[in-house]
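Here's the letter readout for the chains.
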Amino acid sequence: MNRQILFPLLLTVALLSCACNEKKKTPLRSGNPVFEGWYADPEGIIYEDTYWIFPTWSDVYEKQTFFDCFSSKDLITWTKHRNILDTTNVKWAKRAMWAPSVIRKEGMYYLFFSANDVHEGEIGGIGVAVGDQPEGPYRDLTGKPLINEIINGAQPIDQFVFCDDDGIYYMYYGGWQHCNVVKLSDDFTSLVPFDNGEIYREVTPENYTEGPFMFKKNGNYYFMWSEGGWGGPDYSVAYAIAQSPLGPFQRIGKILQQDEKVATGAGHHSIIHPPGTDDYFIVYHRRPLDDQARDHRATCIDRLTFNSEGFINPVQITFEGVEQTFIKK
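No experiment lies behind these values; they were computed from the predicted model shown. (Residues numbered from 1 in each chain as written. Predicted model: local features only at pLDDT ≥ 70, side-chain atom pairs only at ≥ 80, totals over all residues. Heavy atoms only, no water.)

## Overview of the overall build of the protein
Phase 1: Scanning the protein from terminus to terminus reveals one helix and 20 strands.
Phase 2: Radius of gyration (C-alpha) of the protein: 22 Å, near the 20 Å computed for a compact globule of 329 residues.
Phase 3: Considering the protein as a whole, with its 329 residues, one finds that 54% of them fall into the buried category.
Phase 4: Taking all contacts inside the protein whose residues are at least 6 apart in sequence as the whole, residues at least 24 apart take part in 50%.
Phase 5: If you sum the accessible surface of the protein, you get close to 15200 Å²; carbon and sulfur atoms cover 51% of it. (Helix = DSSP H or I, 4+ residues; strand = E, 2+ residues; numbered from the N terminus. Rg over C-alpha atoms; globule rule 2.2 N^0.38 Å. Buried < 20%, exposed > 50% of the residue type's maximum accessible area, 1.4 Å probe, protein only. Contact = heavy atoms within 4.5 Å. Areas by Shrake-Rupley, 256 points an atom, 1.4 Å probe, with all protein chains shown as cover.)

Structure representation (structure tokens):
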């Protein structure tokens, strides 16, 4: 074959081979939203080698009568587990079942939730259910709300349970721009007083609206919350860093918010940290562009990163989501 013909042909083959190899190296990504359906207030957690997300069904209050959850081995493929808890299992809950917070203790799985959008003098607030496996079914543990009253101006919703290194379980909660922290009993059926005798301690940071979350990194307590109106485009997440789970929590700044090219109303989040890695993922809900429906919120995942001083970098919300990530055993 003529060398003038052969060389361009070989070069073309080589370039195509490189392109194919590069394409093979492109990592799989979750895409956002990570699963179909209108789901908000997602709580992410790791049990063994599996990621779990427990969200609110995002609909009008009267239709919020159940919880689904989702599981994945790699953040890419998600399995839906339907109706893990509903109002037939919680006799005092009628509607507005919101914001699951989940935790495992001594081989049992606990799901804290709020119901009824409770106001002064009404029955509702924060309850707890228990199950034998992460996907339930869950059953009401107490037969009544764990917290029913309006204390320190905080509506009893949006609870998050945090276990500190000393084994003490704290629960942060509150809507209506007020946040309380309480200590849970060992069996999660009651509250126990702090050393000074108080049961409820207000820890409301600047600009707080709802959706508290806590995690610990390098000995520091990162306290996070949602700001702005949950039904509007300015919903967002801010944080503080403290040396104690009780604060004080001085607001540092906003780290998650809308992007006019991607989505609006980015907020009410949780954090997943695969053990033994430097990976942190923020799980949150947001509203699609050009969609003004109050309840049209979808669950998404993006990376959470830190600067050299330990402060959280602003999160870039994406359509691509996160790379395939398995949990190391």
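Structure's up, so let's keep going.
## Remarks on empty space enclosed by the protein
Phase 1: Here the structure, examined in full by the defined rule, presents one cavity of 30 Å³ or more.
Phase 2: As a volume, the largest cavity reaches approximately 80 Å³.
Phase 3: Taken together, 15 residues form the lining of the largest cavity, with E43, P100, Q159, H268 and H269 sitting closest to its centre.
Phase 4: Of all the secondary structure elements, the ones that give two or more residues to the lining of the largest cavity are β1 (39-47), β5 (98-105), β14 (210-217) and β18 (263-272).
Phase 5: In terms of residue class, the lining of the largest cavity is made up of six nonpolar, six polar and three charged. (1 Å grid on protein atoms, 1.4 Å probe; cavity = no way out; pocket = protein on both sides within 12 Å on 5 of 7 lines; lining within 4 Å. Points joined across faces, edges and corners; volume = space filled by probe spheres on them. Nonpolar A, V, L, I, M, F, W, Y, C, P; charged D, E, K, R; others polar.)

## Focus: the sheet that holds strand β6 (residues 108-115)
Phase 1: Strand order in the open sheet formed by four strands is β5-β6-β7-β8, and the pairing between neighbours is antiparallel. In this open sheet, the two strands that pair with only one neighbour each are β5 and β8 (139-140).
Phase 2: When β5 meets β6, the two strands line up antiparallel, connected through six bridges. Within β6, the position partnered with S101 by the bridge is F112. (Pairing = 2+ DSSP bridges.)

## Let's talk about the pattern of salt bridges
Phase 1: Inspection of the entire model under this criterion finds twelve salt bridges.
Phase 2: E106 is paired through a salt bridge with K105; the nearest N and O atoms lie 3.6 Å apart.
Phase 3: What makes K105 buried here is its relative accessible area of 13%.
Phase 4: E198 is the partner of R201 in a salt bridge, and the nearest nitrogen-oxygen pair spans 2.5 Å.
Phase 5: Classification of R201 by relative accessible area gives partly exposed; the value is 22%. (Salt bridge = Lys/Arg side-chain N within 4 Å of Asp/Glu carboxyl O.)

## Focus: the side chain of H269
Phase 1: The topology assignment puts H269 in strand β18.
Phase 2: Apart from residues no more than four positions distant in its own chain, H269 is found in contact with P42, F213, M224, W225, V237, I282, V283 and Y284.

## Describing the sheet that holds strand β19 (residues 281-288)
Think of a sheet as strands paired side by side through backbone hydrogen bonds, with each pair either parallel or antiparallel.
Phase 1: Judged by pairing direction, the sheet is antiparallel, and its three strands sit side by side in the order β18-β19-β20 without closing on themselves. Both edges of this open sheet fall to β18 and β20 (298-303), since each of them pairs with a single strand only. Going from strand to strand, the sheet's axes swing by 35° on average, the running direction of each strand aside.
Phase 2: Sheet analysis places β19 next to β20, joined by six bridges and oriented antiparallel. Directly across from Y284, in β20, lies its bridge partner C300. (Axes fitted to C-alpha atoms, helices over the stretch in contact; angles between N-to-C directions.)

## A few points about the packing of aromatic side chains
Phase 1: In the structure shown here, the tally under the stated rule is 25 aromatic pairs.
Phase 2: For the pair Y110 and F188, a centre-to-centre distance of 4.8 Å together with 90° between the ring planes defines the contact as edge-to-face. Taken together, the residues span a long stretch of sequence, with Y110 in strand β6 and F188 in the loop between β11 (180-184) and β12 (191-192) at a distance of 78 residues.
Phase 3: Residue Y110 is classed as buried on the basis of its relative accessible area of 12%.
Phase 4: Counting every residue linked through ring pairs, the aromatic cluster contains F35, Y39, W57, F66, F70 and W78. (Phe/Tyr/Trp six-rings, centres within 6.5 Å; stacked < 30°, edge-to-face > 60°.)

## Some thoughts on the pairing of β18
Phase 1: Burial runs high along β18: ten of the ten residues are buried.
Phase 2: In terms of strand pairing, β18 meets β19 through six bridges, oriented antiparallel. Its bridge partner lying in β19, I271 is registered against I282.

## Digging into the nonpolar core
In a soluble, globular protein the nonpolar side chains are often hidden away together inside.
Phase 1: Ranked by size, the top nonpolar core spans 38 residues in total, and within it F215, M224, I255, L256, L304 and I312 carry the most contacts.
Phase 2: Elements with a minimum of two residues in this core: β9 (160-163), β10 (169-173), β14, β15 (220-227), β16 (236-242), β17 (251-256), β18 and β19.
Phase 3: If you look at the next biggest cluster of nonpolar residues, it comprises 19 residues, including W52, F54, W92 and Y138. (Core = buried A, V, L, I, M, F, W, Y, C linked by side-chain atoms within 4.5 Å.)

## Focus on the environment of A96
Phase 1: Tracing the backbone shows A96 in the loop between β4 (79-86) and β5.
Phase 2: If we ignore the near neighbours within four places in the chain, the residues touching A96 are Y61, Q64, S114, A115, N116 and D117.

## Some points on the pairing of β5
The side chains of a regular strand alternate, first on one face of the sheet and then on the other.
Phase 1: Across the eight residues of β5, seven count as buried, placing the element largely inside the fold.
Phase 2: Connecting β5 to the antiparallel partner β6 that follows it, the hairpin turn spans two residues, and E106 within it adopts a positive phi of roughly 50°.

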